[in-house]
Amino acid sequence: VGDRRFFIFVCLYTALLLFSLRTYKAYGFGMTKSSILIYSQTLSVLVTDVAFYVVFVVANSKVFNPLPLMLFFAAQMCINCIWTLIANRIYFKLNKPKKTMILYNKESELLRLEEIYSRKKNFEITEKVKYEKDGDWAEHIDKCEVAFLAGLPTDERNFIFEYCIEKNVQCY
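First, a word on scope: everything that follows refers to the structure included in this document.

Criteria and cut-off values
Residues numbered from 1 in each chain as written. Predicted model: local features only at pLDDT ≥ 70, side-chain atom pairs only at ≥ 80, totals over all residues. Heavy atoms only, no water. Patch = residues over 30% accessible without salt bridge, like charges linked within 9 Å, V, L, I, M, F, W, Y side chains within 5 Å. Areas by Shrake-Rupley, 256 points an atom, 1.4 Å probe, with all protein chains shown as cover. Salt bridge = Lys/Arg side-chain N within 4 Å of Asp/Glu carboxyl O. Lys, Arg positive; Asp, Glu negative; His and termini not counted. Charge placed at Lys NZ, Arg CZ, Asp CG, Glu CD. Helix = DSSP H or I, 4+ residues; strand = E, 2+ residues; numbered from the N terminus. Buried < 20%, exposed > 50% of the residue type's maximum accessible area, 1.4 Å probe, protein only. Pairing = 2+ DSSP bridges. Contact = heavy atoms within 4.5 Å. Axes fitted to C-alpha atoms, helices over the stretch in contact; angles between N-to-C directions. Parallel < 35°, antiparallel > 145°, perpendicular 65-115°, else oblique. Left-handed = near helix turned anticlockwise from the far one by under 90°. Disulfide = S-S within 2.5 Å. Expected span 1.5 Å × (residues − 1). Arc of directions from axis to C-beta.

## Digging into a positive patch on the surface
For step 1, the next point in the chain: Together, Arg89, Lys93, Lys96 and Lys121 give the surface a local cluster of positive charge.
For step 2, the next point in the chain: With respect to the secondary-structure elements, Lys93 resides in helix α3 (residues 67–94).
For step 3, the next point in the chain: Overall, the relative accessible area of 62% leaves Lys93 in the exposed class.

This is the structure:
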């Protein structure tokens, strides 16, 4: 009976942890800053540990000293920090910045894309092209892996977006 109960607790803990990690998007390596990933993982582990402690207390009809749980949580936080830093480093070694172009309508629209400039590990901005209705935007898109469309009229934006999909270019 004890082995089966232990197995059930391990499965329950694992399921709850995986659910909370997914809920708090704790594995967005490459696209999310390490500090945010660490925060998400810590929050996930905290929610899981507290919920599991409550389940364990209810299942045993006895309140246990929470100190071992706190030590376990501290160890998990350390492991999460190390894991996140290593995983992000590996991700960026394996995935070089993508050649990126920005197609914009007005200069003021470039300011809205300020965050892209801070993501040098993700995006290598090779071109900024001012949109003109009969312009040569297609040949610029053909040379990149990612295209950001800023402030374009809806019809043109949708047409360019479809073009990007056809050419296998990520489009935002």
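## Details of the sheet that holds strand β4 (residues 170–171)
For step 1, the next point in the chain: With parallel pairing, four strands are arranged side by side in an open sheet as β2-β1-β3-β4. The sheet terminates laterally at β2 (123–130) and β4, the two strands that pair on one side only.
For step 2, the next point in the chain: Sheet analysis places strand β1 (residues 98–104) next to β2, joined by seven bridges and oriented parallel. When the bridges of β2 are listed, Tyr104 appears paired with Lys130.
For step 3, the next point in the chain: In the packing of helix α7 (residues 154–166) onto the sheet, contacts are made with β1, β3 (146–150) and β4, and the angle to β3 comes to roughly 175°.

## Some thoughts on the packing of helix α2 (residues 34–60) against α3
For any two helices packed against each other, the geometry comes down to the angle between their axes and how far apart the axes lie.
For step 1, the next point in the chain: Contact geometry of α2 with α3 gives a least axis separation of 9 Å together with a crossing angle of 150°. On the basis of the axis angle, α2 is roughly antiparallel to α3. Handedness of the α2/α3 crossing: right-handed. Mapping the contact onto sequence places Ser34, Leu37, Ile38, Gln41, Thr42, Val45, Leu46, Asp49 and Tyr53 in α2 and Leu69, Phe72, Phe73, Gln76, Met77, Asn80, Cys81, Trp83, Thr84, Leu85 and Asn88 in α3.

## With respect to the pairing of β1
For step 1, the next point in the chain: Summarising burial for β1: five of the seven residues are buried, a large majority.
For step 2, the next point in the chain: Across five bridges, the pairing between β1 and β3 is parallel. Its bridge partner being in β3, Tyr104 is matched across the sheet by Ala150.

## Considerations on the state of the cysteines
For step 1, the next point in the chain: Within this structure, the stated rule accounts for zero disulfides.
For step 2, the next point in the chain: No disulfide involves Cys144; its sulfur sits 6.7 Å from the nearest other cysteine sulfur, which is in Cys164.
For step 3, the next point in the chain: With no disulfide of its own, Cys164 has Cys171 as its nearest cysteine by sulfur position, at a separation of 3.9 Å.
For step 4, the next point in the chain: Exposure remark for Cys164: the relative accessible area of 0% places this residue in the buried category.

## A look at the pattern of salt bridges
For step 1, the next point in the chain: Throughout the structure, instances matching the rule amount to three salt bridges.
For step 2, the next point in the chain: Glu109 serves as the salt-bridge partner of Arg112, at 2.5 Å between the closest nitrogen and oxygen. Highlighted residues: Arg112 and Glu109, both in helix α4 (residues 107–112), separated by three residues, approximately one helical turn.
For step 3, the next point in the chain: On the accessibility criterion, Glu109 (15% relative accessible area) is buried.
For step 4, the next point in the chain: Two residues, Lys133 and Glu156, come together in a salt bridge whose shortest N-O distance is 2.9 Å. Separated by 23 residues along the polypeptide, Lys133 in the loop between β2 and α6 (137–142) and Glu156 in helix α7 bring together distant segments of the chain.

## Some thoughts on α7
For step 1, the next point in the chain: A rise of 1.5 Å per residue sets the reference length of α7, with its 13 residues, at 18 Å; its end C-alpha atoms lie 18 Å apart and thus fit the reference within 8%.
For step 2, the next point in the chain: Within α7 the residues assigned to the buried category are Glu156, Ile160, Tyr163 and Cys164. Seen from one end, α7 has its buried residues packed into an arc of 100°, which puts them on one side. In α7, the exposed positions that point more than 90 degrees away from the buried face belong to Asp155, Ile165 and Glu166.

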